Number of protein chains: 4
Amino acid sequence: MFQIDPKQPMPLYEQIIQQVKEMYAKGLLKPNEKLPSVRELASHMVINPNTVSKAYQELERQGIIATIRGRGTFIVKQDIKPAPPTDITRLKDTLKQVVINCYYAGYFKNDLIEWLEDIYTEMEEKADED
Amino acid sequence: MFQIDPKQPMPLYEQIIQQVKEMYAKGLLKPNEKLPSVRELASHMVINPNTVSKAYQELERQGIIATIRGRGTFIVKQDIKPAPPTDITRLKDTLKQVVINCYYAGYFKNDLIEWLEDIYTEMEEKADED
Amino acid sequence: MFQIDPKQPMPLYEQIIQQVKEMYAKGLLKPNEKLPSVRELASHMVINPNTVSKAYQELERQGIIATIRGRGTFIVKQDIKPAPPTDITRLKDTLKQVVINCYYAGYFKNDLIEWLEDIYTEMEEKADED
Amino acid sequence: MFQIDPKQPMPLYEQIIQQVKEMYAKGLLKPNEKLPSVRELASHMVINPNTVSKAYQELERQGIIATIRGRGTFIVKQDIKPAPPTDITRLKDTLKQVVINCYYAGYFKNDLIEWLEDIYTEMEEKADED
DNA sequence: GTGGTCTAGACCACA
DNA sequence: GTGGTCTAGACCACT
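Residues numbered from 1 in each chain as written. Chains lettered and ligands numbered in written order. Predicted model: local features only at pLDDT ≥ 70, side-chain atom pairs only at ≥ 80, totals over all residues. Heavy atoms only, no water.

1. Some points on the sheet that holds strand β3 (residues 72-75) of chain D
Pairing between the strands of a sheet comes from backbone hydrogen bonds, and it takes one of two forms, parallel or antiparallel. With antiparallel pairing, three strands are arranged side by side in an open sheet as β1-β3-β2 (chain D). With partners counted over all chains shown, the strands left at the sheet margins are β1 (34-35) and β2 (65-68) of chain D, one partner each. (Pairing = 2+ DSSP bridges. Helix = DSSP H or I, 4+ residues; strand = E, 2+ residues; numbered from the N terminus.)

Dropping the structure here:
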């Protein structure tokens, strides 16, 4: 279900967060769907339960999921709210960094737009499969 | 000249690296141009010389700059070499994360393409000013 | 385990790098084996942790070891990839310098070949002990 | 005549030393032959005279050259004296490092022996040309 | 516990 | 003047 790699620079708990968000964006996780429990996921991924717990807490803080005591953790229906300008600036900055590093790798505007198309196509395909 | 912000999550030395790469990509730094000395830049930025030194060493490792002993550090002419596939995968992954986080912020394909256009326009403008 | 000598002209951190590479080449360090922690090695060698850290970071950059966050650093399985021509030229140059300095010390081709034999014999012996 | 590269890690003055020693070993410089003056060589190489001076001083210390006041600097006839054991250990260590770094570059005993043959062949050829 | 970052300040080699 | 190395000691993020 989830794929994480401890050797990657991104923290494990953040890899989990990204995966959940990605799966929701792709439609692989629907609102009200139940997520695996912390212990279940941790043992399945062979990582520390605290790490999974931290990911879930952060996801809950972001309003992506909600835990109901004694029942489990569930995906929450997202109402897209306009993000604070700080976040948008951060996103643009990250994008700019990608652009610059692509420059040094020999990839330019058209390549990046193509990559974007690919990513969105992949997301929609997954969504249609359901 | 350089602008860094200690409050940002990105390490100071990496902010410097990004700035140098950005300035070169924009044409604000030309090959063979001398960079400020480690001490100079450090005192100007009010940070520790070691931090600047670390940034310069990493830039040298990436082949962006070269140090000539006792003389200083200089921008190196870039021959754009095809990046290893690992790096390209990393770049694509970073882009995918931006896409997903944009999804939650209510920005989609067209917005991102527009942002890309803006970034490239900004880069070319700077390059033309010389 | 490791032996370093602060009196030698080679920087401490590079001595560590060489030792790790030597031990791996000799088979004394196996893939996936854990290296001592930065603090552990530093206190054992009576040097500053930063120095060990620098050595480990450079080894990671060279793909010899990998760090897993919060877990430690581990030897990585080496896939011997053809080195860039620049590196080979550097190796040949270093070898040439050895030859020249041997000339002045009164040692010539046969002596050097004998030394090479000795070095390779030593490496294989260690490898067989496992 | 001499070729030096300020971007290489070896100090300029040591590059000069190595070149002189190499040329003597190859027979391109004969005993009693006059070397260019410090200022001459410095202006020809576009480097600081102090750097050339330092190289010459070190060469003189090693007994490779001798300066006669008012006359110039001359190559000294080498009587090969047995090197102190410390130096031999250092040479062997350097050789071992080359071996280890060759290991990671995918070159092994036979390759190194071949390289050695090449270097000695090159030296003898030059010597015969005179 | 692990490694990563940063500071302050020292000393050295090189040009 | 330049950058490189090393120390001592602090703080942080991650597991």
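2. Overview of the UniProt feature "domain: HTH gntR-type" (unreviewed entry) in chain A
As annotated in UniProt, the feature "domain: HTH gntR-type" (unreviewed entry) corresponds to residues 10-78 of chain A in the numbering used here. With 52% helix and 14% strand, the stretch residues 10-78 of chain A has end C-alpha atoms that lie 25 Å from each other. (UniProt positions renumbered as here; feature names shortened; annotations may be inferred.)

3. Some remarks on the domain arrangement of chain A
According to the domain assignment, chain A contains domain 1 (12-75) and domain 2 (85-129). Relative to domain 2 of chain A, the C-alpha centre of domain 1 of chain A lies at a distance of 25 Å. (Domains from an automatic or database assignment.)

4. Looking at the protein's contact with DNA strand E
Around DNA strand E, 23 residues are found, and the nearest of them are L12, Y13, N48 and T51 of chain B together with R39 of chain C. The protein-proximal atoms of DNA strand E, defined as those within 4 Å of the protein, are 65% sugar or phosphate. Between DNA strand E and N50 of chain B there is a distance of 2.7 Å, counted from a base nitrogen to a side-chain nitrogen or oxygen. Between DNA strand E and L12 of chain D there is a distance of 2.8 Å, counted from a phosphate oxygen to a backbone nitrogen or oxygen. Contributing elements (two or more residues each) for the surface near DNA strand E: α1 (12-26) and α3 (49-61) of chain B, α2 (38-45) and α3 (49-61) of chain C together with α1 (12-26) and α3 (49-61) of chain D. Of the residues that constitute the surface near DNA strand E, the class distribution is eight nonpolar, eleven polar and four charged. (Near = heavy atom within 4 Å. Polar contact = N/O pair within 3.5 Å; in protein donor to acceptor, adjacent residues only side chain to side chain. Nonpolar A, V, L, I, M, F, W, Y, C, P; charged D, E, K, R; others polar.)

5. A short note on the pairing of β3 of chain D
All names here are of chain D. Across two bridges, the pairing between β1 and β3 is antiparallel. The partner of L35 across the bridge, within β3, is T73. Examined bridge by bridge, β2 and β3 share four bridges and lie antiparallel to one another. Across the sheet, I68 pairs through a bridge with G72, a residue of β3. The turn joining β2 and β3, which pair antiparallel and follow one another in sequence, is formed by three residues; a positive phi near 80 degrees is taken by G70.

6. So, the interface of chain D and chain C
Each partner contributes to the interface: chain D provides 40 residues, whereas chain C provides 41 residues. Together, the buried faces of chain D and chain C total about 4,500 Å²; carbon and sulfur atoms form 73% of this surface. The partner of K96 of chain C in a salt bridge is E22 of chain D, and the shortest N-O contact between them spans 2.9 Å. Where chain D packs against chain C, one counts ten residue pairs in polar contact (both at pLDDT 80 or more). Residue composition of the side of chain D that touches chain C, by class: 25 nonpolar, six polar and nine charged. (Contact = heavy atoms within 4.5 Å. Buried area = accessible area lost by both parts, 1.4 Å probe. Salt bridge = Lys/Arg side-chain N within 4 Å of Asp/Glu carboxyl O.)

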